[in-house]
Amino acid sequence: MQNAGMKGHDKAAPGAADWYAAGLGHVWLPYAQMKTAAPPLPVVRTQGCRIVLADGRELIDGIASWWTACHG
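The structure displayed is predicted, hence computed values, not measured ones. (Residues numbered from 1 in each chain as written. Predicted model: local features only at pLDDT ≥ 70, side-chain atom pairs only at ≥ 80, totals over all residues. Heavy atoms only, no water.)

## A word on the sheet that holds strand β5 (residues 58-60)
- Taking strand neighbours across the sheet as the criterion, the three strands line up as β3-β4-β5 in an open arrangement whose pairing is antiparallel. Of all strands in the sheet, those bounded by a partner on one side alone are β3 (43-47) and β5. Sheet twist, expressed as the mean angle between neighbouring strand axes with direction ignored, is 25 degrees.
- The sheet contact formed by β3 and strand β4 (residues 50-53) spans four bridges and is antiparallel. Looking at β4, one finds that Arg45 is bridged to Val52. (Pairing = 2+ DSSP bridges. Helix = DSSP H or I, 4+ residues; strand = E, 2+ residues; numbered from the N terminus. Axes fitted to C-alpha atoms, helices over the stretch in contact; angles between N-to-C directions.)

## Focus on the pairing of β4
- Hairpin connection between β3 and β4: a loop of two residues separates the two successive antiparallel strands, and Gly48 in this loop has a positive phi of roughly 60 degrees.
- In this sheet, β5 lies alongside β4 in antiparallel orientation, the contact comprising three bridges. Counterpart to Ile51 in the pairing with β5 is Leu59.
- The antiparallel pairing of β4 with β5 creates a hairpin that spans four residues between the two strands, and Gly56 there sits at a positive phi of about 95 degrees.

Here it is in structure tokens:
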């Protein structure tokens, strides 16, 4: 799935970082000390268990089932 604010696969459109800055104050990081936690990583798209970050790095989500089982 591709974010509407993005063009191409991994390149940010002009102003694409605006959604990140605008939403950052509304993000809750469960089980984290909010004053010292690192900011969330900006994600541009996902596919299955793969997560593609705004800088092009690709991660594998290995704990999604833990959250699903815990919080349904």
